[in-house]
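# Coordinates in review
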Amino acid sequence: MATKTSKRRQRGSIRPNGAGFQVRVYAGRDPLTKKDLYLHEQAETEPEAEKVRTRLLHQVDEKRHPKRQVTMSFLLDRWLGIAELDEDTSYERAEGIIRNYLKPTFGDLKAGKLSAEMLELFYSRLRKCREQCDGRRNGKPDPKTKEKHVCQPLSANSVRKIHFILRPALDRGLRWGYVTSNVAALAEPPSQPKPNPDPPTPEEAVLVLNTAWQRDLDWGTFLFMTMVTGSRRGEMCALRWSHINLDRLELSVKHSNNGRRIKDTKTHQSRKQAIDVITRSVLAAHRERAEERCKALGGELARDSFVFSGEADSSTPLVPSTVSQRYRRLAEKLRIHTHRLKDLRAYNVTELLGAGADVRTVAGRVGHGGGGATTLKYYAAFLATSDRQAVTAFAKQLPVPDGLLAEQPVITVINGLRLVCECGNESLWAMLVVTADGAEALCGQCEVSVVARPDTDVGPIGRTIRMEAVPPRELAPWETIAQELGDAIKDGTMLPGEDVPTVGDIAQAHGVSVGTAHRAFTQLKKDGLIEVSRGRRAVVRPLQETAGRAV
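In this text, all values refer to a predicted model and were calculated from it rather than measured experimentally.

### Some details on the overall build of the protein
Secondary structure summary: the protein contains 18 helices and 16 strands in total. Put simply, the protein has 551 residues, and 38% of those count as buried. Expressed as a percentage of contacts within the protein between residues at least 6 apart in sequence, the contacts between residues at least 24 apart total 57%. Accessible surface for the protein amounts to roughly 33400 Å². Of this, 51% is attributable to carbon and sulfur atoms.

Here it is as structure tokens:
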């Protein structure tokens, strides 16, 4: 009797689907939902479908297929639950990005179906409009709110934050077997924008402070301390009176306030900052006001109370986000070009560097690591005044013919006062305020208050520009040497035919380089005072011959 062999059931199936063939392979059972898992893929021809089935079967056998058909919403929630974020603000930022951008777009999508193309198109649409209308709704009323829609593009930095949330989340999903590849690693986010710090100008900073002082002394003190110390907003909101030593003129930055709790600083390191006598007076007056409020309640100001607080007893700190919103409203009302509280930190760094402070010192004050690289890259703005001072100091070292320096300076005279800065500037002012009996100005070169002195040779009261002769300029070293030798020849100290000291001797005697001494020799020869010939030592030319040459 013939033996009947049983035919083994073929794994996977191929069936016609539209213009091609659909391949389906059984991949096990979801351990949580207890539902069967299948891998699906489309092929154009039947031979290609056979190859696809073989490849999918290899994935199942080697356990390289997704173990669960999870959605992106499930994966992002799982990642956020175990992600090691440095601080609470980082968690809040990540949770907000997932809630506002990722879940509405990819929340119901199977994690295994996400592709790099989807992500790059997603990034591109966000760069046009944060609501991803692709410009189609711009200027049209919203059906729900009836308000006119205006496209607001998302910045490159914000899109990059979205990308760097997706990438670690998908990487974790790859480790857990939810996806077979990390498509975010293949997608390209927008390029990193170059740092361009834009702090307020000194005039804008003065306007902000004066307005804040007039409205609320405590608010003015907060902005004053932010400008002077350059501290982060969370550090200012966590500052306590126990951290300030008015006698030793220093304060310690030990903690930061993230809006929910008091924690370590961003760098997890405390630092000390020196303060000046003006800052001490401002803090002392601020403390007196806090003590008076506590006394009105029948208590005393606690030693560990907060410096800046909205409570009468200073027991709770200010909320950083509230402070930023208040400053933005103030800046918008004053119409200054920058509205971020963080820009006051950049203003502090820029002004300190412009005043000649060492980069490492400034970096230490504001809490930057890396020897000042972050300070220069992200916070120090270009300062035109320092640029002018640098080029002026350099230009003074170079010789210029006398004829090019015949221009006369402009002198500013206001209300009978001649405005003159200690650096010598008399015409370039960054700020000029005319009062009833005089004037106040900010020097445009060294940025210090000017010194006014009476000038009797002034016309009518008002702003008068008048010209004066140029004071004699300081001679260059080679000009001084040439003048001394020329005078010695003319007054007979050096007789005609006498050997002139060598270039090396003159350079050594005057402490200059050989090139400088040679330049003086060239000038003497040009003036006809010495005779130089090849192979012979230079000698004094006879005065009669010199006079004849001059005629």
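Back to the write-up after that little detour.
### Quick word on the side chain of Ser314
Tracing the sequence through the fold places Ser314 in the loop between helix 9 (277–296) and helix 10 (320–334). Residues contacting Ser314, with those up to four places away along its chain left out, are Ala290, Leu301, Ser305, Phe306 and Ser309.

### A look at the environment of Asp198
Tracing the backbone shows Asp198 in the loop between helix 5 (156–176) and helix 6 (202–215). Judged by its relative accessible area of 40%, Asp198 falls in the partly exposed class. C-alpha separation for the pair Asp198 and Ala346, spaced 148 residues apart in sequence, amounts to 7.5 Å. Apart from the residues lying within four places of it in its own chain, the contact partners of Asp198 are His337, Thr338 and Asp343.

### Quick look at the pattern of salt bridges
Close approach of charged atoms allows side chains with opposite charge to pair. Enumeration over the complete set of coordinates arrives at 15 salt bridges. The residue Arg271 makes a salt bridge to Glu235 at a minimum N-O spacing of 2.8 Å. Taken together, the residues Arg271 in strand 8 (residues 271–274) and Glu235 in helix 8 (residues 233–237) connect sequence positions 36 residues apart. Residue Arg271 shares its accessibility class with Glu235, and that shared class is buried. What emerges from the salt-bridge pattern is a single network uniting Asp218, Arg289 and Arg293.

### Concerning the sheet that holds strand 4 (residues 244–245)
In space, the three strands of this open sheet follow the order 4-5-8, with antiparallel pairing throughout. A single partner strand is all that each edge strand has here, and the edge strands are strand 4 and strand 8. With two bridges connecting them, strand 4 and strand 5 (residues 250–253) associate as antiparallel partners. Each bridged residue has a counterpart across the sheet, and for Asn245 the counterpart in strand 5 is Glu250.

### Regarding the side chain of Arg365
Relative to the helices and strands, Arg365 is located in helix 12 (residues 359–366). When sequence neighbours within four positions are dropped, the list of residues in contact with Arg365 reads Val228, Thr229, Arg271, Gln273, Ala274 and Leu352.

### Re a positive patch on the surface
Residues Arg93, Lys161, Lys266 and Lys342 make up a contiguous surface patch of positive charge. With respect to the secondary-structure elements, Lys161 resides in helix 5. Judged by its relative accessible area of 41%, Lys161 is partly exposed.

### Observations concerning the state of the cysteines
In total, this model carries zero disulfides according to the counting rule given. Residue Cys133 stays outside any disulfide, its sulfur separated by 3.3 Å from that of Cys151, the closest cysteine.

### Considerations on the packing of aromatic side chains
Tallied over the full model, the rule gives seven aromatic pairs. Residues Phe122 and Tyr123 carry aromatic rings whose centres are separated by 6.0 Å and whose planes lie at 45° to one another, so their mutual orientation is tilted. For the pair shown, Phe122 and Tyr123 are each scored as buried. Directly above the aromatic system of Trp241 lies the positively charged group of Arg287, at a separation of 5.1 Å from the ring centroid.

### Considerations on the packing of helix 7 (residues 217–229) against helix 11 (residues 342–354)
Helix packing for two helices is described by the angle between their axes and how far apart those axes are. In the contact formed by helix 7 and helix 11, the axes pass within 7 Å of each other and the chain directions differ by 45°. Taken together, the axes of helix 7 and helix 11 are oblique relative to one another. From helix 7, Leu223, Thr226, Met227, Val228 and Thr229 reach across to helix 11, where they touch Leu344, Tyr347 and Asn348. Grouping the constituent residues of the contact of helix 7 with helix 11 by class yields five nonpolar, three polar and no charged.

### Overview of helix 9
Across its 20 residues, helix 9 extends 29 Å between first and last C-alpha, which sits within 8% of the 28 Å expected from 1.5 Å per residue. Taken together, the buried positions of helix 9 are Thr279, Val282, Leu283, His286, Arg289, Ala290 and Cys294. The buried residues of helix 9 occupy an angular sector of 140° when the element is viewed end-on, so they sit on one face. Residues of helix 9 that are exposed and angled more than 90 degrees away from the buried face: Ile278, Glu292, Lys295 and Ala296.

### A short note on helix 7
The first and last C-alpha atoms of helix 7 sit 18 Å apart over 13 residues, in line with the 18 Å expected at 1.5 Å per residue. Within helix 7, ten of the 13 residues are buried, which leaves it mostly tucked inside the rest of the structure. By the burial criterion, the buried members of helix 7 are Trp219, Gly220, Thr221, Phe222, Leu223, Phe224, Met225, Thr226, Met227 and Thr229. Two residues or fewer after helix 7 comes Gly230, characterised by a positive phi angle close to 70°.

### Notes on the environment of Asp247
Tracing the backbone shows Asp247 in the loop between strand 4 and strand 5. For the pair Asp247 and Arg280, spaced 33 residues apart in sequence, the C-alpha to C-alpha distance is 8.7 Å.

### Remarks on unusual backbone geometry
Although it is not a glycine, Gln132 adopts a positive phi angle of roughly 55°. Mapping Gln132 onto the fold places it in the loop between helix 4 (116–128) and helix 5. The buried category is assigned to Gln132, whose relative accessible area is 16%. At Leu249, a position not held by glycine, the phi torsion is positive, near 55°. Residue position: Leu249 is located in the loop between strand 4 and strand 5. With relative accessibility at 23%, the residue Leu249 sits in the partly exposed group.

Rules used throughout
- Residues numbered from 1 in each chain as written.
- Predicted model: local features only at pLDDT ≥ 70, side-chain atom pairs only at ≥ 80, totals over all residues.
- Heavy atoms only, no water.
- Helix = DSSP H or I, 4+ residues; strand = E, 2+ residues; numbered from the N terminus.
- Buried < 20%, exposed > 50% of the residue type's maximum accessible area, 1.4 Å probe, protein only.
- Contact = heavy atoms within 4.5 Å.
- Areas by Shrake-Rupley, 256 points an atom, 1.4 Å probe, with all protein chains shown as cover.
- Salt bridge = Lys/Arg side-chain N within 4 Å of Asp/Glu carboxyl O.
- Pairing = 2+ DSSP bridges.
- Patch = residues over 30% accessible without salt bridge, like charges linked within 9 Å, V, L, I, M, F, W, Y side chains within 5 Å.
- Lys, Arg positive; Asp, Glu negative; His and termini not counted.
- Charge placed at Lys NZ, Arg CZ, Asp CG, Glu CD.
- Disulfide = S-S within 2.5 Å.
- Phe/Tyr/Trp six-rings, centres within 6.5 Å; stacked < 30°, edge-to-face > 60°.
- Lys NZ or Arg CZ within 6 Å of the ring centre and 35° of its normal.
- Axes fitted to C-alpha atoms, helices over the stretch in contact; angles between N-to-C directions.
- Parallel < 35°, antiparallel > 145°, perpendicular 65-115°, else oblique.
- Nonpolar A, V, L, I, M, F, W, Y, C, P; charged D, E, K, R; others polar.
- Expected span 1.5 Å × (residues − 1).
- Arc of directions from axis to C-beta.

So far we have only geometry, and geometry alone does not tell us how the molecule works.
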